[in-house]
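Observations on the three-dimensional arrangement
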Amino acid sequence: MPIDRDKALNADPGVREIGWTTRDVLLYHLSLGAGAAAATDPELHLTYEKGLTVLPTFALVAGTGISAGQAPAPGVEMPGIDVDLRAVLHAGQGLTVHRPLPAAGTATLRSRVAEVWDKGKAALVVLESAATGPDGEPLWTTTTGIWVRGEGGFGGEPGPEERWRAPDRAADAVLTTATTPQQALWYRLNGDLNPLHADPAFARSAGFEQPVLHGLASYGLLAKALVDGVLDGDVTRLTGLTARFAGPLVPGESITTSVWRDAAPADEGTERLLLHAACPDRDGAPVLTHATATVRS
């Protein structure tokens, strides 16, 4: 059986040392479109090593970029998890940043399978990773949802239902982000070499008409749009972001993100933003849904 739930949940966490340089950070920002309007706004805080700041979502690719040498093989390799890439979809992503990320550094990354939910025709594998710096203090924590088609129906629990509803009012902000036809090819250099994002034949075999943008690229574009459009360009104000991947984005299409300020109480000094990202090129087809950001006020 490709998924052994008991083995996956009871395995010891995987531990590895990771490192990154300013070149990794610069490439990540460029792969999200930073500096696209360089003649008028080069976005030097994201594209130039002097005074470089780091988008929090860089945490999702730290240790896999150009300074890491050979990129890891695409796939989901955890104890008890052995699945075909063609059956795998990135279902959702969560990130909590415990302090601003340095432009270059090292960390210890501990990863485990946190849960395997039975969704009937599919299984939802929830991976959790926690990074600590050389001083032992936490840097970031991530949760990754992996949808595996054909692996459900094993009699497990379906998991909790997420409660998310957009306010019954106009959005407080609407942010539009363009992508380029080569965006997925750029983003692959951050370490995710899944051929789904480059090879038309592979994409068709996986059920897509053409290569699609990485889910984490859409996720990073959402984070950058928030920083640019709502947080005055201050990357340190974005401390958390969760989203469900609702549909693919083809490189060259745009994303429109609706942002509502949540009236619910938040921790002192922070507020929650509710987000919904769609593709205006396809009549508002959803791309990222059930999304929530935590930001410093």
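Reading the values: rules and limits
Residues numbered from 1 in each chain as written. Predicted model: local features only at pLDDT ≥ 70, side-chain atom pairs only at ≥ 80, totals over all residues. Heavy atoms only, no water. Helix = DSSP H or I, 4+ residues; strand = E, 2+ residues; numbered from the N terminus. Contact = heavy atoms within 4.5 Å. Pairing = 2+ DSSP bridges. Axes fitted to C-alpha atoms, helices over the stretch in contact; angles between N-to-C directions. Buried < 20%, exposed > 50% of the residue type's maximum accessible area, 1.4 Å probe, protein only. Salt bridge = Lys/Arg side-chain N within 4 Å of Asp/Glu carboxyl O.

Observations regarding the side chain of His-214
- By secondary structure assignment, the location of His-214 is in the loop between helix 5 (200–205) and helix 6 (215–229).
- Those residues in contact with His-214 that sit more than four places away from it in its chain are Ala-184, Tyr-187, Arg-188, Asp-192 and His-197.

Description of the sheet that holds strand 6 (residues 173–178)
- Overall, antiparallel pairing links the ten strands, which are arranged 1-3-4-5-2-7-10-9-8-6 in an open sheet. Among the strands making up the open sheet, the edge pair consists of strand 1 (14–20) and strand 6. When the angles between neighbouring strand axes are averaged without regard to direction, this sheet yields 20 degrees.
- With respect to the sheet, helix 6 is in contact with strand 2 (88–97), strand 6, strand 7 (238–245), strand 8 (254–261), strand 9 (270–279) and strand 10 (285–296), its orientation differing from that of strand 7 by roughly 140 degrees.

A short note on the pairing of strand 8
- When you tally the buried positions in strand 8, you get six out of eight residues, the bulk of the element.
- Where strand 6 meets strand 8, six bridges bridge the pair, whose relative direction is antiparallel. Along strand 8, the bridge assignment pairs Thr-177 with Ile-255.
- In the sheet, strand 8 pairs with strand 9 via six bridges, with the strands oriented antiparallel. Across the sheet, the residue bridging to Val-259 is Leu-275, located in strand 9.

Examining the pattern of salt bridges
- Per the stated rule, a full pass over the model turns up ten salt bridges.
- A salt bridge links Arg-112 to Glu-128, with the nearest nitrogen and oxygen atoms 3.2 Å apart. Taken as a pair, Arg-112 in strand 3 (residues 105–118) and Glu-128 in strand 4 (residues 122–132) lie far apart in primary sequence, 16 residues in all.
- Judged by its relative accessible area of 27%, Glu-128 is partly exposed.
- Residue Arg-261 is joined to Glu-271 by a salt bridge in which the shortest nitrogen-to-oxygen separation is 3.0 Å. Of the two residues, Arg-261 sits in strand 8 while Glu-271 sits in strand 9, which places them ten residues apart along the sequence.
- Linked by salt bridges that have partners in common, Glu-43, Lys-224 and Asp-228 make up one network.

Considerations on unusual backbone geometry
- The residue Asp-283 is not glycine, and still its phi comes out positive at about 55 degrees.
- By the secondary structure assignment, Asp-283 is in the loop between strand 9 and strand 10.
- Its relative accessible area of 78% is what places Asp-283 among the exposed residues.
- Phi is positive for His-290, which is not a glycine, with a value near 50 degrees.
- The exposure class assigned to His-290 is partly exposed, which follows from its relative accessible area of 22%.

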